[in-house]
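Secondary and tertiary structure notes
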Amino acid sequence: MIYLDNAATSFPKPESVYQAMDHFARHSLANPGRSGHRMALASERILDDTRHLLNTLFQGESPDRWVFTLNCTDALNMAIKGLVNSGDHVITSDLEHNSVSRPLRALEKLGQIRLTRVESHDGYLNPEEVVAAITPETRLVVLTHAANVLGTVQPIEPIAHAVRAAGGFMLLDAAQSAGVIDINLSRLPIDMLAFPGHKALYGPTGTGALYVGPRVSLRPWREGGTGGDSSTETQPDTMPYKLEGGTPNVLGLAGLKAGLEWVLQRGVEASRIHEVQLLQTVVDWVSDHSDLWGIAGAWDPARHVGALSLRPPQGLAPSELGAILDTSFAIAIRPGLHCAPYIHKRLGSFPDGLLRISPGPFNTESDIDTFLSALSDITDSLI
Ligand SMILES: Cc1ncc(COP(=O)(O)O)c(C=O)c1O
């Protein structure tokens, strides 16, 4: 299989991730912290080490500000629902994944928040338009760092400074940027950073994290055992346990730890540069076949991650193309709306969507050549 669906989840993982999970599962898979024996302590150490690695990678305030979650959706819901109060104004954009758009729209429909959705232009937000939407009631600004449909990297810095100056909170959805773009929380005024562990941090599915900065106090939506202090009647206020009730996915986190070590050793941006180079070949091919194919959004390699959506020829549905690529060519891509309906409406590709390809660090030019010749074969036979 040629796997070009890394924006959904990365595959394969670095070999060290498989080895770490196998070793951990066979020797130390106990419930962290709770029992105090040596296996429980080894398990707890995985959590501590992973929090330290996250703090090193993103330069947060301290390791205990990192809360482990199931995925990025879980982290975003924890942040949004734990912060927003009735009557608040919230700003978001038309580039967002449903894991941002749906909780916000649900709160809006309940009459609990006023929501402003800023429009993008060719895949990019204009920071001045976002800043102009800020009002004294704006409590939260939630934006994606890199758009999952288009791969475009957003101009976050001026927006984050303006939100901080206005007294609001900034939540960054780093699902497509964590691990491939340098995010330095000691310099960037981001209050909360949400991301999955299973994309460009190369952990397994079932992992994710939320950074909760020192200005923020979130209401926990899940209360229960923390493994440490069992004496209090309600959830302890100490971070990260306040937000981490229940047994964590420590096996997955053993894999995420190895993935983080791999990223730190390889260097953030290395995968982005490799993936954007592979996509450049696709962009060049599309411009040679522009009578049939197109790309969605602007192409600026310096402000792009490794995801790109193609507009297929008239009459060829993305879902049909995806099925042919899978069954006849053993190539995995993602057709459709990519859980981001607002941007497809804006691009005119709703409801059929587009054809997204997202190479990873282990893909080669030869994978891309095979993909492009498959597209040529399909269009030759069907058009
Ligand atoms: C921009 C963005 N936000 C959020 C998510 C949700 O991530 P998860 O599937 O880990 O919940 C995704 C997943 O593709 C995404 O691309």
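Residues numbered from 1 in each chain as written. Predicted model: local features only at pLDDT ≥ 70, side-chain atom pairs only at ≥ 80, totals over all residues. Heavy atoms only, no water.

Scanning the chain for helices and strands turns up 11 helices and 13 strands. For the chain, the C-alpha radius of gyration of 21 Å lies close to 21 Å, the compact-globule estimate for 383 residues. C-alpha extents for the chain along the principal axes are approximately 70 × 55 × 35 Å. Taken across its 383 residues, the chain has 56% of its residues classed as buried. (Helix = DSSP H or I, 4+ residues; strand = E, 2+ residues; numbered from the N terminus. Rg over C-alpha atoms; globule rule 2.2 N^0.38 Å. Buried < 20%, exposed > 50% of the residue type's maximum accessible area, 1.4 Å probe, protein only.)

Interface size is often expressed as the accessible area that is lost when the parts come together. Once the domains are mapped, the chain shows domain 1 (2-10 + 268-382) and domain 2 (15-266). For domain 1 versus domain 2, the distance between C-alpha centres works out to 28 Å. Listed per partner, the contact involves 36 residues of domain 1 and 33 residues of domain 2. Surface buried jointly by domain 1 and domain 2 totals about 2900 Å² across both partners, of which 54% is contributed by carbon and sulfur atoms. Three residues, Val268, Tyr342 and Arg346, lead the burial of domain 1 against domain 2; their summed loss comes to 23% of the area buried on that side. If you look at where domain 1 meets domain 2, you find two salt bridges. We note a salt bridge from Arg346 to Asp94, for which the minimum N-O separation is 3.4 Å. (Domains from an automatic or database assignment. Contact = heavy atoms within 4.5 Å. Buried area = accessible area lost by both parts, 1.4 Å probe. Salt bridge = Lys/Arg side-chain N within 4 Å of Asp/Glu carboxyl O.)

Formed by 56 residues in total, the largest nonpolar core has its most connected members in Phe58, Met170, Ile190, Leu193 and Phe195. Lining this core are residues from two domains, each supplying at least three of them: domain 1 (2-10 + 268-382) and domain 2 (15-266). Look past the residues within four positions of Met170 in its chain and what remains in contact with it is Val141, Leu143, Ile156, Ile159, Ala160, Val163, Pro189, Ile190, Asp191 and Met192. (Core = buried A, V, L, I, M, F, W, Y, C linked by side-chain atoms within 4.5 Å.)

Between its terminal C-alpha atoms helix H3 (residues 72-83) stretches 17 Å, which fits the 16 Å expected from 12 residues at 1.5 Å a residue. Taken together, the buried positions of H3 are Cys72, Asp74, Ala75, Leu76, Asn77, Met78, Ala79, Ile80, Gly82 and Leu83. (Expected span 1.5 Å × (residues − 1).)

For the rest of this paragraph, the subject is the site of the ligand. Residues in close proximity to the ligand total 14 residues, the closest being Thr73, Asp173, Gln176, His198 and Lys199. Between Thr73 and the ligand, the recorded distance is 2.5 Å, taken from a side-chain N or O atom to an oxygen atom. Between the ligand and the protein, one listed contact pairs an oxygen atom with a side-chain N or O atom of His198 at 2.8 Å. For the ligand, whose free accessible area comes to 390 Å², the fraction covered by protein is 91%. Taken together, the residues of the shell around the ligand break down into four nonpolar, eight polar and two charged. (Near = heavy atom within 4 Å. Polar contact = N/O pair within 3.5 Å; in protein donor to acceptor, adjacent residues only side chain to side chain. Areas by Shrake-Rupley, 256 points an atom, 1.4 Å probe, with all protein chains shown as cover. Nonpolar A, V, L, I, M, F, W, Y, C, P; charged D, E, K, R; others polar.)

The next thing to look at is the sheet that holds strand S2 (residues 66-69). Read from one edge of the open sheet, seven strands run S2-S8-S7-S6-S5-S3-S4, paired in mixed fashion. Each of the sheet's edge strands pairs with one partner strand only, and the pair in question is S2 and strand S4 (113-118). When strand polarity is set aside, the average angle formed by the axes of neighbouring strands in this sheet is 15°. Pairing of S2 with strand S8 (residues 208-212), which is carried by four bridges, proceeds in the antiparallel orientation. (Pairing = 2+ DSSP bridges. Axes fitted to C-alpha atoms, helices over the stretch in contact; angles between N-to-C directions.)

Within the structure shown, the criterion is met by eight aromatic pairs. Each ring, one from Phe58 and one from Phe195, has its centre 5.1 Å from the other, and the planes form 40°; the classification is tilted. Highlighted residues: Phe58 in helix H2 (residues 38-58) and Phe195 in strand S7 (residues 192-196), separated in sequence by 137 residues. A relative accessible area of 1% places Phe58 in the buried class. Its relative accessible area of 1% is what places Phe195 among the buried residues. Measuring from ring centre to ring centre gives 5.6 Å for Trp262 and Phe362, while their planes differ by 40°; the resulting arrangement is tilted. With Trp262 in helix H7 (residues 250-266) and Phe362 in the loop between strand S13 (354-357) and helix H11 (365-382), this residue pair connects regions lying 100 residues apart in the sequence. Given the relative accessible area of 17%, Trp262 is considered buried. One aromatic cluster in this structure is built from Phe58, Trp66, Phe195 and Tyr211. One residue, Arg117, lies across the ring of Tyr342, its end atom 3.7 Å from the ring centre. (Phe/Tyr/Trp six-rings, centres within 6.5 Å; stacked < 30°, edge-to-face > 60°. Lys NZ or Arg CZ within 6 Å of the ring centre and 35° of its normal.)

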